[in-house]
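# Coordinate inspection notes
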Amino acid sequence: MFDSLVYERRRQALREKVGHGIILVLGNNEAPANYPDNTYKFRQDSSFVYFFGLSHPGFAGVMDADSGEDCLFGDDVDMDDIIWMGPQPSVKELASQVGVGKSYPFEKLKDFVENAIACHRKVHFLPPYRHDHMLLLEGMVGVRASMLANHASVELIKAIVDLRSVKEACEIEEIDKACDVGYEMHTAAMRLCKPGVSEQYIAGVLDGIASSYGRMVSFATILTQNGQTLHNHDHSHILKEGRLMLTDAGAELMNCYCSDHTRTIPVGGRFTSRQRDVYSIVLACHDKALELARPDVTYLSVHLEVCKVLARGLKDLGLMKGNVDDAVASGAHALFLPHGLGHMMGLDVHDMENLGQNYVGFDDEVRPSSQFGLASLRMGRRLKEGFVITDEPGCYFIPALIDKWRAEGTNADFLDFDAIDKFKDFGGIRLEDDILITPEGSRFTGHKHIPITIDEVEAIMAE
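The following refers to the structure shown. Keep in mind that what you see is a predicted model, and the values were worked out from it rather than measured. (Residues numbered from 1 in each chain as written. Predicted model: local features only at pLDDT ≥ 70, side-chain atom pairs only at ≥ 80, totals over all residues. Heavy atoms only, no water.)

Counting secondary structure elements, the protein chain contains 17 helices and 17 strands. A compact globule built from 463 residues would reach a C-alpha radius of gyration of about 23 Å, and the protein chain, at 24 Å, matches this within 12%. C-alpha extents for the protein chain along the principal axes are approximately 70 × 50 × 40 Å. By residue count, 53% of the 463 residues in the protein chain fall in the buried class. Accessible area of the protein chain: about 19,400 Å², with a carbon and sulfur share of 52%. (Helix = DSSP H or I, 4+ residues; strand = E, 2+ residues; numbered from the N terminus. Rg over C-alpha atoms; globule rule 2.2 N^0.38 Å. Buried < 20%, exposed > 50% of the residue type's maximum accessible area, 1.4 Å probe, protein only. Areas by Shrake-Rupley, 256 points an atom, 1.4 Å probe, with all protein chains shown as cover.)

Spelled out as structure tokens, the structure:
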């Protein structure tokens, strides 16, 4: 938790941006795993954390944009709670820790909202992503649960995106710490990656490292020697000599700030000649993004320039052909890179995406595309100092997609399918770092950079 003044300033800024009505931000509740008393590890709603700072279940916060007052709604613990959990601070004490002057029992929230509606005041709320919130809001605002997303406040969404996109110095410090944990996770994976070791064992070690430093992993760990499957959460295989192990993993600290890195390394410790060729192309793409990312540049333009680096490298390998600019314009490179260059990072590993991707990664200037591959770009808008984004190019050989495009003749003018067929057993490579947009350009987050060059990777794997 930061100093209470941080949260007071954030709430004041939000009230000024929204301008009128009451702003309702719901905190999360416990979620049962398989019976009521056996819950998943609690994770607070990120917008609630941002404005109210409390990682306790069962709370809601209200900001009055007209009067300037803030209220916290929640229930004090009873004796049964104290027996099982020990003494807990009161709601009033918690409210004072984050600079909130008024607190009420949670049951009073419904009366508060209904009274505001009766007075013809606007009630601003975010699109709910949990079913208990949907039911709660349905009962308070009189909108069917299935329609709540359509009635969420666009003014509030845009205001929160505007505030949370630019990271404060205290936030950058926490993200750097989360990335330091990511360093420990990924270097451990490099040392453990040997023939005969199970994917599950290494994935479990990484999850344990994340938990030992903070709350948990920032998302379900991807660790696989079948990297051609972009989000491969299957850890059932035994590592084999000559394969590539792709590890996409990150940590979440106690205050919910995240890291997200990917490395792809050779099982056995040495890249083959063919692996070196493709890896070098992806690394060049990764470095090009860092070179180009700076304030006032759209991340869409950075993505497209990186795609040209990929296409040029694959053309040199004989897998693509024709004019590189035309190939990228037609989307031919997306056979090998069917996802976007990156996404926002912060309190969420895909920061604020629950608020609506078109508001987070795009705006009136830069709109999403419908072209295959480019349609998966999550972040395209103009960059600002203080943004934290991921730089994650890749190159994947997906047999089913290769066969489909070949049968359909998709982008045949730019692809040598006979040569590409020889790479169907290759797998995939992704290299990902989190970067901060600075006044001069961009920098990696974290105090230690995870080995990424071929020489660096082979050296640490030989230790």
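Resuming the write-up.
Evaluated as defined, the whole model comprises twelve aromatic pairs. Ring centres 5.8 Å apart and planes at 65 degrees place the aromatic pair F372 and W405 in the edge-to-face group. Taken together, the residues span a long stretch of sequence, with F372 in the loop between α14 (357–360) and β13 (388–391) and W405 in helix α15 (residues 399–408) at a distance of 33 residues. Under the relative-accessibility criterion, F372 is labelled partly exposed at 42%. Site record: aromatic cluster; members linked through ring pairs are F336, F397, F423 and F426. Seen from the ring of F423, R274 lies directly overhead, with NZ or CZ sitting 4.9 Å from the centre. (Phe/Tyr/Trp six-rings, centres within 6.5 Å; stacked < 30°, edge-to-face > 60°. Lys NZ or Arg CZ within 6 Å of the ring centre and 35° of its normal.)

The final tally for this structure, using the stated rule, is 36 salt bridges. Close ionic contact of R270 with E458 constitutes a salt bridge, the shortest N to O distance being 3.0 Å. Here the residue R270 occupies a position in the loop between β12 (261–266) and α11 (273–292), and E458 occupies one in helix α17 (residues 454–461), the gap between them amounting to 188 residues. The exposure class of E458 is buried, given its relative accessible area of 7%. The partner of K308 in a salt bridge is D325, with the nearest N and O atoms 3.7 Å apart. Taken together, the residues span a long stretch of sequence, with K308 in helix α12 (residues 299–316) and D325 in helix α13 (residues 324–330) at a distance of 17 residues. Shared partners join several salt bridges into a network, and the residues in it are R43, R164, K167, R215, E252, D348 and D351. (Salt bridge = Lys/Arg side-chain N within 4 Å of Asp/Glu carboxyl O.)

Moving on, we get to the packing of helix α5 (residues 108–118) against helix α6 (residues 131–141). Interhelical geometry of α5 versus α6 gives an angle of 45 degrees and a closest axis separation of 9 Å. Taken together, α5 and α6 sit at an angle that is classed as oblique. Every residue of α6 that contacts α5 at L109, K110, V113, E114 and I117 is listed here: G139, M140 and V141. Within the contact of α5 with α6, the residues separate by chemical class into five nonpolar, one polar and two charged. (Axes fitted to C-alpha atoms, helices over the stretch in contact; angles between N-to-C directions. Parallel < 35°, antiparallel > 145°, perpendicular 65-115°, else oblique. Contact = heavy atoms within 4.5 Å. Nonpolar A, V, L, I, M, F, W, Y, C, P; charged D, E, K, R; others polar.)

Strand order in the open sheet formed by five strands is β6-β5-β4-β1-β7, with mixed pairing between adjacent strands. In this open sheet, the two strands that pair with only one neighbour each are β6 (102–104) and β7 (123–124). Packing against the sheet, α5 makes contact with β1 (22–26), β4 (60–64), β5 (70–73), β6 and β7, and its axis sits at approximately 150 degrees to β1. (Pairing = 2+ DSSP bridges.)

Here the focus is the nonpolar core. Of all hydrophobic cores here, the largest spans 143 residues; its most connected members are L14 and F336. Here the element with the most residues in this core is helix α9 (residues 169–192); it accounts for ten residues. In contact with L14, other than residues within four places in its own chain, are I23, F51, M63, L156, A159, I160 and L163. (Core = buried A, V, L, I, M, F, W, Y, C linked by side-chain atoms within 4.5 Å.)

Here we take up the sheet that holds strand β9 (residues 222–224). Ordered in space as β9-β10-β12, the three strands form an open sheet in which the pairing is antiparallel. With partners counted over all chains shown, the strands left at the sheet margins are β9 and β12, one partner each. The mean angle between the axes of side-by-side strands here comes to 10 degrees, regardless of whether they run parallel or antiparallel. As defined by bridge partners, strand β10 (residues 244–249) adjoins β12 across six bridges and the pair is classed as antiparallel.

Among all positions of α15, only L401, I402 and W405 are buried. Down the axis, α15 shows its buried residues gathered within 100 degrees of arc, on one side only. Exposed residues on α15 whose side chains face more than 90 degrees from its buried face are A400 and A407. On the buried face of α15, the contacting elements are α16 (417–421). Positioned one or two residues after α15, G409 has a phi angle of 75 degrees, which is positive. (Arc of directions from axis to C-beta.)

A contiguous patch of negative charge, built from D75, D76, E93, E107 and D111, is present on the exposed surface. Counting through the fold element by element, D75 comes out in the loop between β5 and α3 (79–85). (Patch = residues over 30% accessible without salt bridge, like charges linked within 9 Å, V, L, I, M, F, W, Y side chains within 5 Å. Lys, Arg positive; Asp, Glu negative; His and termini not counted. Charge placed at Lys NZ, Arg CZ, Asp CG, Glu CD.)

Our next topic: the state of the cysteines. Considering all chains together, one arrives at zero disulfides under this definition. For C179, which is in no disulfide, the shortest distance to another cysteine sulfur is to C258 and amounts to 9.7 Å. Take C179: its relative accessible area is 1%, and that puts it in the buried class. Counting only cysteine sulfurs, C285 is the nearest neighbor of C307, a cysteine outside any disulfide, at a range of 7.7 Å. According to the relative accessible area criterion, C307 is buried, its value standing at 0%. (Disulfide = S-S within 2.5 Å.)

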